[in-house]
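# Architecture at a glance
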Amino acid sequence: TRDSQKMYWEEESLKGRIFAMARSHSRELLGVLTASPLSLNNLFVSVVIPKVLPKRPFVSLEATSLFIDYLFSEFPIERVSIGQRFSSLKYWTQRLFLLGFQYEGLEQLGFVKGDIKDDVVHMGLTRSYFDHLRGLRGGSLWPGDFEFDNRLNKLNTNLKKDFDEASLTDHFT
């Protein structure tokens, strides 16, 4: 219910969780991003953006980038951690890598919900690498749809040529 969601938001905010809503240009809610403290200098980011916009295929990555920009700009943190189910979110993992997150490991059976069990890929982004990328990308982590699409195509072309693999994720599975 709306009241239970509001109560959850208030309780989690008191614990230090940061919430952001991703909206389209027409103000339609696309999803929610959160950051929870893991330590004094490390936030764990969760992204839930189930809405897909056919004309904006990278909108969830752009929202994630803007959220990461905000976290590093507004909080005295040294790193952002992120984790996602693998292999069900392997293409999302690949795209986070292209955004700048670095692989840190695979937690076997790290996700369990009822009968669903899955591995979790852990990734991170340090402040120094974030600052480096932001400098290369004109002041923002997000390089833009056109540039990101070029990077994705270039990576897939090189992997196909060099390793006979269709994607970075396929190369590691």
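Residues numbered from 1 in each chain as written. Predicted model: local features only at pLDDT ≥ 70, side-chain atom pairs only at ≥ 80, totals over all residues. Heavy atoms only, no water.

Looking only at helices and strands, the protein features six helices and six strands. Going from N to C terminus, the protein has its helices and strands arranged as α-β-β-β-α-β-α-β-β-α-α-α. Since a compact globule built from 173 residues should have a radius of gyration of about 16 Å, the 17 Å found for the protein is in line with a globular shape. The burial tally for the protein puts 38% of its 173 residues in the buried class. (Helix = DSSP H or I, 4+ residues; strand = E, 2+ residues; numbered from the N terminus. Rg over C-alpha atoms; globule rule 2.2 N^0.38 Å. Buried < 20%, exposed > 50% of the residue type's maximum accessible area, 1.4 Å probe, protein only.)

Turning our attention to the side chain of D69. Note that D69 resides in helix 2 (residues 59–74). Within the buried set, D69 has no salt-bridge partner at all; the shortest N-O distance to an opposite charge, 5.4 Å, is to R134. Of the polar contacts made by the side chain of D69, one reaches the side chain of S140; its length is 2.9 Å. Not counting chain neighbours up to four residues away, the residues in contact with D69 comprise F130, R134, S140 and L141. (Lys, Arg positive; Asp, Glu negative; His and termini not counted. Salt bridge = Lys/Arg side-chain N within 4 Å of Asp/Glu carboxyl O. Polar contact = N/O pair within 3.5 Å; in protein donor to acceptor, adjacent residues only side chain to side chain. Contact = heavy atoms within 4.5 Å.)

Moving on, we come to the packing of aromatic side chains. Following the criterion strictly, the structure yields eight aromatic pairs and no others. Relative to F19, the ring of W9 has its centre 5.3 Å away and its plane inclined at 35°; by these criteria the two rings are tilted. Of this pair, W9 sits in helix 1 (residues 2–14) while F19 sits in strand 1 (residues 18–23), and the two are ten residues apart along the sequence. On the accessibility criterion, W9 (41% relative accessible area) is partly exposed. Joined through ring pairs, the aromatic side chains of Y8, W9 and F19 make up one cluster. (Phe/Tyr/Trp six-rings, centres within 6.5 Å; stacked < 30°, edge-to-face > 60°.)

A side chain of one charge can pair with a side chain of the opposite charge when the charged atoms of the two come close. Applying the stated criterion to the full structure yields eight salt bridges. The salt bridge partner of D145 is R56, with a shortest N-O separation of 3.2 Å. Of the two residues, D145 sits in helix 5 (residues 145–163) while R56 sits in the loop between strand 3 (42–48) and helix 2, which places them 89 residues apart along the sequence. Exposure remark for D145: the relative accessible area of 25% places this residue in the partly exposed category. For R56, a relative accessible area of 25% corresponds to the partly exposed category.

Take unusual backbone geometry next. Backbone geometry places R27, a non-glycine residue, at a positive phi of 75°. Relative to the helices and strands, R27 is located in the loop between strand 1 and strand 2 (29–39). A relative accessible area of 59% places R27 in the exposed class. The backbone of L109 shows a phi angle near 50°, a positive value even though the residue is not glycine. With respect to the helices, strands and loops of the structure, L109 is situated in strand 5 (residues 102–113).

We now examine the sheet that holds strand 1. Pairing is mixed in the open sheet, where six strands are placed in the order 1-2-3-4-6-5. Here the strands that pair on one side only, and so sit at the sheet edges, are strand 1 and strand 5. Each strand axis lies, on average, 25° off the axis of its neighbour in the sheet, ignoring direction. For strand 3 and strand 4 (residues 79–86), the ladder comprises four bridges, and the chain directions are parallel. Within the sheet, the bridge partner assigned to F44 lies in strand 4 and is S81. Where helix 2 meets the sheet, its contacts fall on strand 1, strand 2, strand 3, strand 4 and strand 6 (116–126), and the angle it forms with strand 2 comes to roughly 40°. (Pairing = 2+ DSSP bridges. Axes fitted to C-alpha atoms, helices over the stretch in contact; angles between N-to-C directions.)

Inspection of the sheet shows strand 1 paired to strand 2 by six bridges, in the antiparallel sense. Each bridged residue has a counterpart across the sheet, and for A20 the counterpart in strand 2 is L33.

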